[in-house]
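For reference, the chains in residue letters:
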Amino acid sequence: MINRILIRIKVVQLLYSYLLTNGEFKLRTPQPDASSAKLFVNRAYRYMLFTIMRLSGGYGLPQLRVPGEVASNKYLKDNKVSRIMGTDNDLRGAVARDEEYPHIITDSTIIDIYQEVIRSAAYRSYTHTRNRDIESDVKFWTAILSTVIVRNPAFKAALRKLDGYSLRGEEEALDLALTSLSELAMTSMSVINSRRQLADSLDKAYQLYHALLLLPVALTRLEELRLDNARNKYLATSVDLNPNTRFVDNKLVAILAQSEELADYFKEHPFSWDDDTQLLSKLLDSIKQSEEYAEYMERKESDLKEDCEFWRTIFRKIILPGDELAEVLETKSVYWNDDIDIIGTFVTKTIRRIADKQEGEPLLLPQYKDDEDAAFGDELFMLCVDNYDQYRSYIDRFLDQRSWESDRLALMDVVIMVTTLAEILNFPAIPLPVSINEYIEIAHYYSTPRSGQFINGLLYVIIEHLKKEGLLNK
């Protein structure tokens, strides 16, 4: 039910939010004209981070040789912070460029530090932690760096041999290293939270689908209550006593009210319109004042198809476009106002399916068509995050050729183009025109009026380059 159109929108929204709030890790580099003291601070800072990587397995970098007894420690190798550091391109590049580090921080120094690490209280506490997450990993390495690495006599002696050494510079280097550890954790937590939000927002979209299908039942119950009150009036009229019950006898509503699929879903995800009496009253009044209602009530009889078509029309013309529903949905979920248009189409599609439903067929649409669709959103988001710099470099490269400064480019336009590139480069089964057209539509809705045309033109140039380089074979 949740199709790739909605998933793409969610990924764009979450990637935009992630980039706005992400405390991205950046390896500190000295200015070209930095003094010898500043150069020492930066070098010592890098050596502290390199040493953490080396204690954690070296991550395949020849410059970070790891003695056997260190390499076999599963706790250090499995550490999430170390794993992030080991895959960070800035850090790996800095290691590759520094030929002196392994000669200054020798194998014997690493073994000496390792022996202190495994004897430390921080290590014992860490190995006894059941659920080690990014926060516990940061706490561990922060403690090890502050209390073991920088206090190790061999490590301190090595730093003192570097040009520009000072005790103050050593302290500044430690502060920088601790800040970098914190930033790595913030980046990782930001990714984790964004992925969680993406999954939650898609689950919420499915809840909205069920909630909207429950709405005809709630409106019908309100009308039944009104009819019952009218019958019991002190001076009830003949119309009050003998009302037209076509609306409350609607066959679609009866099916929805008795649906075990809906009931089972709401057992797991409780929801009700009972507290939204004002909304229900306004919607019911709008329905009863409509031409569609008048025409429906004048019919002598109706079948299931006509009853379904009536509610499809009511949804399309009255319920979904109305401000009343939008205002209430905003109070129930931060996601629902953005989802209403797409989920509304699935509700009307479901109502049409019910009219033609065969014996044994499920009443409701599944959350995802298949496992591939279920995994699509998370995979696409992580491809955007992991390859953001590369995809952004394509944008900046061809943007410069158009005499347009990259810092003038709207972040939403960047997000849309990065997501498009992630999709067309990594999902070969999706036709190229489908991907481009979908994201151009998203640009029309979420960015500036001219963004769609601008993005389309820039993507065309990038795609032609990728094809010539053999990177895109669609």
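Please read all numbers here as calculations on a predicted model, not as lab measurements. (Residues numbered from 1 in each chain as written. Predicted model: local features only at pLDDT ≥ 70, side-chain atom pairs only at ≥ 80, totals over all residues. Heavy atoms only, no water.)

Novice: What is the right way to read the overall build of the protein chain from this model?
Specialist: Assigned secondary structure in the protein chain consists of 25 helices and zero strands. For a compact globule of 474 residues, the expected C-alpha radius of gyration is about 23 Å, and the protein chain comes in at 31 Å, more than 25% above that figure. For the C-alpha atoms alone, the extent of the protein chain along its principal axes is close to 105 × 55 × 40 Å. Counting all 474 residues of the protein chain, 49% fall into the buried class. Sequence separation of 24 or more characterises 81% of the internal contacts of the protein chain that already satisfy a separation of 6 or more. Summed over all atoms, the accessible surface of the protein chain reaches about 24100 Å², with 49% contributed by carbon and sulfur. Averaging the locations of the 58 positively and 73 negatively charged side chains of the protein chain gives two centres separated by 5 Å. (Helix = DSSP H or I, 4+ residues; strand = E, 2+ residues; numbered from the N terminus. Rg over C-alpha atoms; globule rule 2.2 N^0.38 Å. Buried < 20%, exposed > 50% of the residue type's maximum accessible area, 1.4 Å probe, protein only. Contact = heavy atoms within 4.5 Å. Areas by Shrake-Rupley, 256 points an atom, 1.4 Å probe, with all protein chains shown as cover. Lys, Arg positive; Asp, Glu negative; His and termini not counted. Charge placed at Lys NZ, Arg CZ, Asp CG, Glu CD.)

Novice: When you look at the side chain of Arg-4 in this model, what are you seeing that I'm missing?
Specialist: As for its position among the elements, Arg-4 is in helix 1 (residues 4-21). In this structure Arg-4 touches Glu-372, Asp-373, Phe-376 and Ile-430, once residues within four positions along its chain are discounted.

Novice: Hey, could you run me through the pattern of salt bridges in this one?
Specialist: Two side chains of opposite charge can pair, provided their charged atoms sit close to one another. Using the criterion set out here, one finds 22 salt bridges in the structure. For the salt bridge of Arg-168 with Glu-172, the shortest nitrogen-to-oxygen distance reads 3.4 Å. Note that Arg-168 and Glu-172 are positioned in helix 12 (residues 167-231) at a spacing of four residues, about one turn of the helix. The class for Arg-168 is exposed, based on a relative accessible area of 62%. (Salt bridge = Lys/Arg side-chain N within 4 Å of Asp/Glu carboxyl O.)

Novice: Looking at this model, I keep getting lost on the packing of helix 12 against helix 16 (residues 277-288). Mind explaining?
Specialist: Each packed pair of helices is defined by two parameters, the angle between the axes and the distance between the axes. Contact geometry of helix 12 with helix 16 gives a least axis separation of 10 Å together with a crossing angle of 80°. On the basis of their axis angle, the class for helix 12 and helix 16 is roughly perpendicular. Contact residues: Leu-215, Ala-218, Leu-219, Leu-222, Glu-223 and Arg-226 in helix 12; Leu-280, Ser-281, Leu-283, Leu-284, Asp-285, Ile-287 and Lys-288 in helix 16. Split into classes, the residues belonging to the contact of helix 12 with helix 16 amount to eight nonpolar, one polar and four charged. (Axes fitted to C-alpha atoms, helices over the stretch in contact; angles between N-to-C directions. Parallel < 35°, antiparallel > 145°, perpendicular 65-115°, else oblique. Nonpolar A, V, L, I, M, F, W, Y, C, P; charged D, E, K, R; others polar.)

Novice: When you look at the nonpolar core in this model, what are you seeing that I'm missing?
Specialist: When a protein is soluble and globular, its nonpolar side chains tend to lie buried together. Grouped together as the largest cluster of nonpolar side chains are 106 residues, with contacts concentrated most on Tyr-209, Trp-273 and Trp-311. Excluding residues that lie within four positions of it along the chain, Tyr-209 makes contacts with Met-1, Ile-343, Phe-346, Val-347, Thr-350, Leu-364 and Leu-365. Counting 48 residues, the second largest nonpolar core, distinct from the first, contains Phe-40, Val-70, Ala-94 and Leu-184. (Core = buried A, V, L, I, M, F, W, Y, C linked by side-chain atoms within 4.5 Å.)

Novice: Got a minute to help me understand the packing of helix 8 (residues 107-119) against helix 10 (residues 134-149) in this structure?
Specialist: Direction vectors running N to C along helix 8 and helix 10 enclose 120°, while the axes themselves pass 10 Å from each other. By the criterion of interaxial angle, the relationship of helix 8 to helix 10 is oblique. As for how helix 8 packs across helix 10, the hand of that crossing is right-handed. Of the residues in helix 10, those touching helix 8 at Ile-113, Glu-116 and Val-117 are Phe-140, Ile-144, Val-148 and Ile-149. A class-by-class count of the residues in the contact of helix 8 with helix 10 yields six nonpolar, no polar and one charged. (Left-handed = near helix turned anticlockwise from the far one by under 90°.)

Novice: Sorry, what's going on with helix 21 (residues 371-386) here?
Specialist: Each full turn of the α-helix corresponds to 3.6 residues, which orients residues three or four apart in the same direction. For helix 21, spanning 16 residues, the distance from its first C-alpha to its last is 22 Å, which sits close to the expected 22 Å at 1.5 Å a residue. For helix 21, the capping residue at the N-terminal end is Asp-370, with a side-chain oxygen 3.2 Å from the backbone nitrogen of Glu-372. (Expected span 1.5 Å × (residues − 1). Polar contact = N/O pair within 3.5 Å; in protein donor to acceptor, adjacent residues only side chain to side chain.)

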